[in-house]
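This is what each chain is made of:
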Amino acid sequence: MLLDKLRALTPQVPANQSLERAPVMDYAGRDDHQTLLANATIMMVDDEPITMEVVQTFLEDAGYEHFLLIEDSRLALDKILEHRPDILLLDLVMPHVSGFEILTRIRQHPKISYLPVIILTSSSEAETKLQALDKGATDFLAKPVDPSELALRVRNTLAAKAYQDQLAYYDPLTNLPNRRYFLDRLEWSIHQANRQNSQLAVLHIALNQFRRIYDALGPTASDQVIRQVAERIRECIRHTDTVGRTHTKEGYDNVLYRMGGNEFSVLCTQLCQPEDAAKVARRVLEVMRLPFDAGGTEVQMPTTIGIAGYPGDAQTLDTIVQRAGIAAAQAAEKGETTFEFYSDQMNLTSLQRLQMEADLRHAIQNDELVLHYQPKVDIKTNQVTGVETLVRWQRTTGELVYPNNFIPLAEECGLIHAIGVWVLQAACRQLAQWQSQGKWIHVAVNLSAKQLYGGGLVETVAKIIDANGIDPSYLTLELTESLFMEDADYTVQTLNRLMALNTRISMDDFGTGYSSLSYLKAFPLHELKIDRSFLSGVNANRHDQALVSAIVYLAHEFGLTVIAEGVEEASQLEFLATIGCDQYQGYLFSKPLPVAQITPMLSSCGIVNNV
Ligand code: C2E
Ligand code: MG
Ligand code: MG
């Protein structure tokens, strides 16, 4: 039978088996015409096997090697999706499904919509050709096919496709395959891993400080660094044969991809064990530790790598990519050049964070935030001079979440601004109420660095003071020590504007940052709060005693009120009294309390009504 003879001649691929070559664009970017021909896969769909046999023979003569012949038009689309040919020669008139219909479906399918399709038609009617063009045909060939015209059309179409692939699948800066290519290749590799029962891993490489270099040295120098990074990693991976990754038959050696601005990925296929991916990661980090030349400036490029394996860590394309990213972020939190394997615990944590973020978004509307108040006490008189507001999140589950467990998250996702405004408003409303009851008490509100540097803080504070009709000299704004140095000039400027509103400024947690006493001179301040870490040592440690005494002495020299935080024991208070510290806060006097409990305490503490 002719059909049998044809099958014997043609390297047919069984329906359930994929080609031993990578998808579509493996040859893209190479100008070697022979490679292009040898690697291209040509698919034909025609109900007449003899036509396909003839065409294949002509094309073999022209140097092509890979063919897929589909006689049953109903199978065409599935076969195209499975094998991803580089070009399709399509008959128009066929039983079951017409060429027009196949062409339409190809153009509508996101994964194959750019497949070049040459229509083989015996019809010489202009209208048929126009209709095919309308549906997106790339070219035509009249049957019976002329061998030289066939070779020419196929060659030109493939060359154009290679050029298009280069544009679509390669990063012009590094000439590395891009994200789109990566996803395509990963999908195919997963398919292969399933067939061969093998493993693969994705290494997500992040250059964490790249933005800083870009901001400092500009785009040209940054591009130069990216090119060096690409070259170094590509080189190091090329020589990483010890990881058990075998080069595939088609000589495929591109395993590094540029995913975006400062992100690269390595796809390790054919792994013997997941740990082999760690060897690749170690080598990459080793070459990344050497400095880079950024337009004449020597720069370091701290790098973290996250690794997720298939099928161990994730079972779908999306989850592998996502989990390698989660692992890289986790590695970045360690703040050094290092790598991390993905773990389910990581995923759980990031899912919990995501859930928490979503819940926190609703916390304000749902009235779930509450303020607690901790007294500030005058050491000489033992009278309450003010309170510090401390925010809590009362979740619908009943759980009371403390600020250290949600303020950092709120800062990360930007919710801190809304929370900050809510706290200021709630604190000023309470202050107004106390003032209306004749309780002239100072109320302190904590501000985050993000609020200070986010812009609009001074205007917001002014508006809230106005809206509540309070005397602003009773509002204290507490800013943690470490944020003062982020941008000293801007900080001084903003503090001066806040002071101009007649509010009081307090430097919180003194001793946790640089603890430089020169801050006291450099910044406009009213108050200094000594962090509780200093207080815990004052009973036993002479150095801590000396430090606290010096801080109190110097702060007084600069005219500041000094408050000691976290006083838990009477002996600490005694020490503070001997060195002349002004005020204290701590469990010794009272824990932070809800308004209902703090208000009576204010009445019974003999607040001075100094109207
Ligand atoms: P902070 O401003 O230094 O507040 C003092 C923290 O120490 C409070 O923790 C307080 O409950 C705790 N504390 C007070 N006395 C003692 C004591 O004697 N012993 C011990 N062990 N701890 C004591 P809290 O309420 O968990 O707040 C932690 C931090 O969260 C605050 O530190 C502040 O930086 C931040 N925070 C609180 N509320 C807000 C807010 O509304 N906005 C912003 N941005 N941050 C806030
Ligand atoms: Mg505070
Ligand atoms: Mg503090």
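See above for the structure.
Caption draft 1: Looking closely at the site of ligand 1. Inspection of the region around ligand 1 gives 23 residues, with Glu-388, Arg-392, Asp-508, Glu-568 and Tyr-587 positioned closest. Computed on the free molecule, ligand 1 has an accessible area of 790 Å², of which 85% lies beneath the protein chains in the complex. Those elements that place two or more of their residues in the shell around ligand 1 are strand S14 (384-394), strand S16 (442-447) and strand S18 (504-510). Broken down by element, the residue count for the shell around ligand 1 peaks at 4 residues, all from S14. Each residue belonging to the shell around ligand 1 can be placed in one class, and the counts come to 8 nonpolar, 7 polar and 8 charged.

Caption draft 2: A look at the packing of helix H8 (residues 179-196) against helix H11 (residues 317-333). At their nearest, the axes of H8 and H11 sit 10 Å apart, and the two run at 120 degrees to each other. The way H8 lies across H11 gives a crossing that is right-handed. Contacts between H8 and H11 pair Phe-182, Leu-183, Leu-186, Glu-187 and Ile-190 from the former with Leu-317, Ile-320 and Val-321 from the latter.

Caption draft 3: Inspection of the coordination of the magnesium ion (ligand 3) at higher detail. Each protein donor to the magnesium ion (ligand 3) is listed here as Asp-508 (OD), Asp-509 (OD), Glu-565 (OE) and Glu-565 (OE); together their distances run 2.0 to 2.7 Å. Between consecutive donor residues of the magnesium ion (ligand 3), the sequence gaps follow D-D-x55-E. A distance of 3.9 Å spans the gap from the magnesium ion (ligand 3) to the magnesium ion (ligand 2), which Asp-508 bridges by coordinating each metal. Placement of the pair is Asp-508 in strand S18 and Glu-565 in the loop between strand S20 (561-564) and helix H21 (570-578), with a sequence separation of 57 residues. When sorted by exposure, Asp-508 lands in the same class as Glu-565, which is buried.

Caption draft 4: Geometry of the coordination of the magnesium ion (ligand 2). On the protein side, the magnesium ion (ligand 2) has Glu-388 (OE), Asn-446 (OD1), Glu-478 (OE) and Asp-508 (OD) as donor atoms, found 2.1 to 2.2 Å from it. Of note, the donors binding the magnesium ion (ligand 2) are all from one chain and are spaced E-x57-N-x31-E-x29-D. Residue classification places Glu-478 among the buried positions, given a relative accessible area of 1%. By relative accessible area, Asp-508 is classed as buried at 5%.

Caption draft 5: The arrangement of the side chain of Arg-392 in detail. By the secondary structure assignment, Arg-392 is in strand S14. Buried charge without a salt bridge: Arg-392, with Glu-388 as the nearest opposite-charge side chain at an N-O distance of 8.7 Å. One polar contact links Arg-392 to His-372, side chain to side chain, over a distance of 3.3 Å. Residues within four places of Arg-392 in sequence aside, it is in contact with Glu-368, Leu-369, Val-370, His-372, Leu-400, Val-401, Tyr-402, Pro-403, Phe-406 and Pro-592.

Reading the values: rules and limits
Residues numbered from 1 in each chain as written. Chains lettered and ligands numbered in written order. Predicted model: local features only at pLDDT ≥ 70, side-chain atom pairs only at ≥ 80, totals over all residues. Heavy atoms only, no water. Near = heavy atom within 4 Å. Areas by Shrake-Rupley, 256 points an atom, 1.4 Å probe, with all protein chains shown as cover. Helix = DSSP H or I, 4+ residues; strand = E, 2+ residues; numbered from the N terminus. Nonpolar A, V, L, I, M, F, W, Y, C, P; charged D, E, K, R; others polar. Axes fitted to C-alpha atoms, helices over the stretch in contact; angles between N-to-C directions. Left-handed = near helix turned anticlockwise from the far one by under 90°. Contact = heavy atoms within 4.5 Å. Donors = N, O, S within 2.8 Å, 3.2 Å for Na, K, Ca; no water. Buried < 20%, exposed > 50% of the residue type's maximum accessible area, 1.4 Å probe, protein only. Lys, Arg positive; Asp, Glu negative; His and termini not counted. Salt bridge = Lys/Arg side-chain N within 4 Å of Asp/Glu carboxyl O. Polar contact = N/O pair within 3.5 Å; in protein donor to acceptor, adjacent residues only side chain to side chain.

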